[in-house]
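So you can see what is in the structure, the chains are spelled out below.
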Amino acid sequence: MRGRQHVLIGTTATVATGIGIVSSGSSIVNVMPIVIGGVIGSYIPDIDSHKSKAAQMFNKILSISIVVLAILYSLGITLDLEKLSSFFNSDNPKTIAVLMFAVLTILGKLSPHRMFTHKWFGTMLFCYSVYLMGNIYFTIGFVTGYILHIVADTMTKNGKYLKFFQFKLPCRNSKNKFDISW
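Throughout this description, residue numbers start from 1 for each chain and increase along the sequence as written. Side-chain atom pairs in this predicted model are given and counted only at pLDDT of 80 or more, local residue features only at pLDDT of at least 70, and totals for whole chains, interfaces and linings cover all residues. Each side-chain value is worked out from all heavy atoms of the structure, with water and hydrogens disregarded.

Engineer: Explain the nonpolar core here, please?
Structural biologist: The nonpolar side chains of a soluble globular protein tend to be buried, and buried together. Ile-44, Phe-101, Leu-104, Phe-116, Phe-126, Cys-127, Val-130, Phe-138, Phe-142, Tyr-146, Ile-150 and Leu-162 form the largest nonpolar core, which has 12 residues in total. By definition, any uninterrupted DSSP run of H or I lasting at least four residues is a helix, any uninterrupted run of E lasting at least two residues is a strand, and each is numbered from the N terminus. Those elements giving two or more residues to this core turn out to be helix 5 (93-110), helix 6 (120-132) and helix 7 (136-154). At 4 residues, helix 7 tops the list of elements feeding residues into this core. Residue contacts are defined here by distance: any two heavy atoms, one from each residue, within 4.5 Å place the two residues in contact. In contact with Leu-104, not counting residues within four places along its chain, are Phe-116, Leu-125, Phe-126 and Ser-129. For this analysis, a nonpolar core means a set of buried residues of the types Ala, Val, Leu, Ile, Met, Phe, Trp, Tyr and Cys, connected via side-chain atoms within 4.5 Å. Working definition: with a 1.4 Å probe on protein chains only, accessible area under 20% of the residue-type maximum means buried, over 50% means exposed, and in between means partly exposed.

Engineer: How should I be thinking about the packing of aromatic side chains in this particular structure?
Structural biologist: The way to describe two aromatic rings as a pair is by their centre distance and the angle between their planes. Pairs were defined over the aromatic rings of Phe, Tyr and Trp, the Trp ring being its six-membered one, requiring ring centres within 6.5 Å. Orientation was assigned from the angle between planes: stacked under 30 degrees, edge-to-face over 60, tilted for the rest. Applying the stated criterion to the full structure yields 8 aromatic pairs. Ring centres 5.8 Å apart and planes at 35° place the aromatic pair Phe-126 and Tyr-146 in the tilted group. Here Phe-126, found in helix 6, pairs with Tyr-146, found in helix 7; they are 20 residues apart in sequence, far enough to count as distant. On the basis of relative accessibility, which here comes to 0%, the residue Phe-126 falls in the buried class.

Engineer: Help me understand helix 2 (residues 31-43), please; the structure alone is not making it clear to me.
Structural biologist: Since one α-helical turn is 3.6 residues long, residues separated by three or four positions face the same way. By definition here, a helix of n residues has an expected span of 1.5 Å times n minus one. Counted at 1.5 Å a residue, the expected span for helix 2 with its 13 residues is 18 Å, and the 19 Å between its end C-alpha atoms agrees. Contacts from the buried residues of helix 2 go to helix 1 (3-23) and helix 7.

Engineer: Even after reading the chapter, I still don't get the packing of helix 5 against helix 6, so can you show me in this structure?
Structural biologist: Any two packed helices are characterised by how steeply their axes cross, that is the angle between the axes, and by the distance between the axes. The axes are straight lines fitted to the C-alpha atoms, using for helices just the contacting stretch, and the angles between their N-to-C directions are given from 0 to 180°. Remark: helix 5 packs on helix 6, axes separated minimally by 8 Å, with the N-to-C direction vectors making an angle of 155°. Judged by the inter-axis angle, helix 5 sits roughly antiparallel to helix 6. Here helix 5 runs over helix 6; the crossing is left-handed. Residue-level inspection shows Pro-93, Lys-94, Ala-97, Met-100, Phe-101, Leu-104 and Thr-105 of helix 5 in contact with helix 6, the latter providing Leu-125, Phe-126, Tyr-128, Ser-129, Val-130 and Leu-132. Only Asp, Glu, Lys and Arg are considered charged, only Ala, Val, Leu, Ile, Met, Phe, Trp, Tyr, Cys and Pro nonpolar, and every remaining residue, Gly among them, polar. Of the residues that constitute the contact of helix 5 with helix 6, the class distribution is 10 nonpolar, 2 polar and 1 charged. In this scheme, roughly parallel covers angles under 35 degrees and roughly antiparallel covers those over 145, while 65 to 115 is roughly perpendicular and the rest are oblique. Crossings are assigned a handedness: left-handed for a near helix turned anticlockwise from the far helix by less than a right angle, right-handed for a clockwise turn.

Here it is as structure tokens:
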């Protein structure tokens, strides 16, 4: 299934969820985080596919980050590890959640297609890291988009081989052998 189709399914479901939340008395402002979470949740499971929008965006962000760090280094501006370590203070669960999400994204990127990000373990870790970030509306959208991505994949021709409840660690292929497909 193409990324556009995943986003269409995830966005439609999250807009409907947002309408339901607004009709129950919540503010309309809460719809936007739900929809944004749904779009991101719809894309992120395919971070492991070379052709996906999520993988392309990851590559762009990584490339831009490397270029910015190289430019800053050439200008004599270096990273202060002491300040950086204080940013990742273990007392702040949101910082840990962002770091956890970043690590999971990298592990998902390194894993073969439809392995770690399309299994229950990867799904639970991604959804839990978003939950720890603290915005319940974004979390509702993300979880909805992510799970609908998996459900939609199981309904495709190749989806019948998708074994969601199989336990796969990151960077392991279908034969459970170590495989990095960067």
